[in-house]
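Report on the structure
Listed below are the residues making up each chain.
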Amino acid sequence: TISQWNDISGKNNHATQGTASAQPIYLPNSANSKPLVGFIADKTLILPAALYTLTMKPSTIFCVSKRTTASGAVENMLSLAIVAAGTNRLVLRFDATEQTTFFNCVAATIVSQANTTTNLNIHNSVRNGTAQSIAVNGSTPVVNYAATNEAGVDAAYIGSRLGSAQFLTGAI
């Protein structure tokens, strides 16, 4: 299992999980001889507080993922939340029924083009002020201008989101 996913930028923004039963698994030589982090059931990693200001600045999120199930569930890849308020502020999630990826910011949701359950998918999500966009596998980005910048984010997760049983089943 993985208790810490090291940040290679040199800024020590490591993703961690102290609870052994919630730790994702290491999958060596999984994608073009590269390792992946596997998420099944209720596995999740927690991102450090240094990254919580992501919603207040222009930002880009790249995520390479491969789904290992085609269940009809909505599964979360990344989320930022305000724990005390019980609200999610930014969520990158996959809808297995529609085979699409969503990029949410509060009430503003945009839907990407289709992606697959059998191949690696490259998700590119961008926020800049009230504009947010997402592209999958090099597709033309879908843009929504109804996003809002949110202060007060105090939790960030890989593989899940606050208050939800919608966990990622797959690998990143």
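Cut-offs and rules
- Residues numbered from 1 in each chain as written.
- Predicted model: local features only at pLDDT ≥ 70, side-chain atom pairs only at ≥ 80, totals over all residues.
- Heavy atoms only, no water.
- Helix = DSSP H or I, 4+ residues; strand = E, 2+ residues; numbered from the N terminus.
- Buried < 20%, exposed > 50% of the residue type's maximum accessible area, 1.4 Å probe, protein only.
- Areas by Shrake-Rupley, 256 points an atom, 1.4 Å probe, with all protein chains shown as cover.
- Core = buried A, V, L, I, M, F, W, Y, C linked by side-chain atoms within 4.5 Å.
- Contact = heavy atoms within 4.5 Å.
- Pairing = 2+ DSSP bridges.
- Salt bridge = Lys/Arg side-chain N within 4 Å of Asp/Glu carboxyl O.

The next subject is the overall build of the chain. Summing up its helical and strand segments, the chain has 0 helices and 15 strands in all. In the chain, which comprises 172 residues, the share counted as buried stands at 46%. Carbon and sulfur atoms make up 56% of the accessible area of the chain, which amounts to about 8,200 Å² in all.

Our focus in this paragraph is the nonpolar core. Within the largest apolar cluster, 18 residues are counted, with the highest numbers of intra-cluster contacts made by Phe39, Met77, Ile158 and Ile172. Excluding residues within four positions of it along the chain, Ile172 makes contact with Trp5, Leu36, Val37, Phe39, Cys63, Val64, Ser65, Met77 and Ile158.

This part is about unusual backbone geometry. Even without a glycine there, the phi angle at Asn29 is positive, about 50°. Here Asn29 is to be found in strand 3 (residues 25–31). Judged by relative accessible area, which is 60%, Asn29 ranks as exposed. A positive phi angle, near 55°, is found at Asn137, a position not held by glycine. For Asn137, the location among the structural elements is in the loop between strand 12 (131–136) and strand 13 (142–144). The class for Asn137 is partly exposed, based on a relative accessible area of 41%.

Let's shift gears to the pairing of strand 14 (residues 155–158). Because side chains alternate across strand 14, one face comprises the buried residues Ala155 and Tyr157, and the other comprises Ala156 and Ile158, equally buried. Bridging between strand 5 (residues 45–46) and strand 14 involves 2 bridges; their strand directions are antiparallel. The residue bridging Leu45 from the neighbouring strand is Ile158, located in strand 14.

Let us look at the environment of Pro24. Within the element layout of this structure, Pro24 appears in the loop between strand 2 (15–16) and strand 3. Taking the C-alpha atoms as reference points, Pro24 and Thr1, 23 residues apart in sequence, are found 5.6 Å from one another. Setting aside residues up to four positions removed in sequence, Pro24 forms contacts with Thr1, Ile2, Val37, Gly38, Phe39, Lys43, Thr44 and Leu45.

Next up on the list: the pattern of salt bridges. By the definition in use, this model includes 1 salt bridge. A salt bridge links Asp42 to Lys43; the nearest nitrogen and oxygen atoms lie 3.8 Å apart.

The pairing of strand 3 with strand 4 (residues 34–39) spans 4 bridges and is antiparallel. Paired with Leu27 across the strands is Leu36, a residue of strand 4. Between strand 3 and strand 4, which follow one another and run antiparallel, lie 2 residues, and Asn32 among them has a positive phi close to 50°. Where strand 4 meets strand 15 (residues 170–171), 2 bridges bridge the pair, whose relative direction is antiparallel. The partner of Gly38 across the bridge, within strand 15, is Ala171.

This part takes up the environment of Phe94. Tracing the sequence through the fold places Phe94 in strand 8 (residues 87–95). You can call Phe94 buried: its relative accessible area is 1%.

Within the secondary structure, Ile82 sits in strand 7 (residues 74–82). Ile82 sits in the buried class, given a relative accessible area of 13%. Here the alpha-carbon distance between Ile82 and Ala156, two residues 74 residues apart in the chain, equals 8.9 Å.

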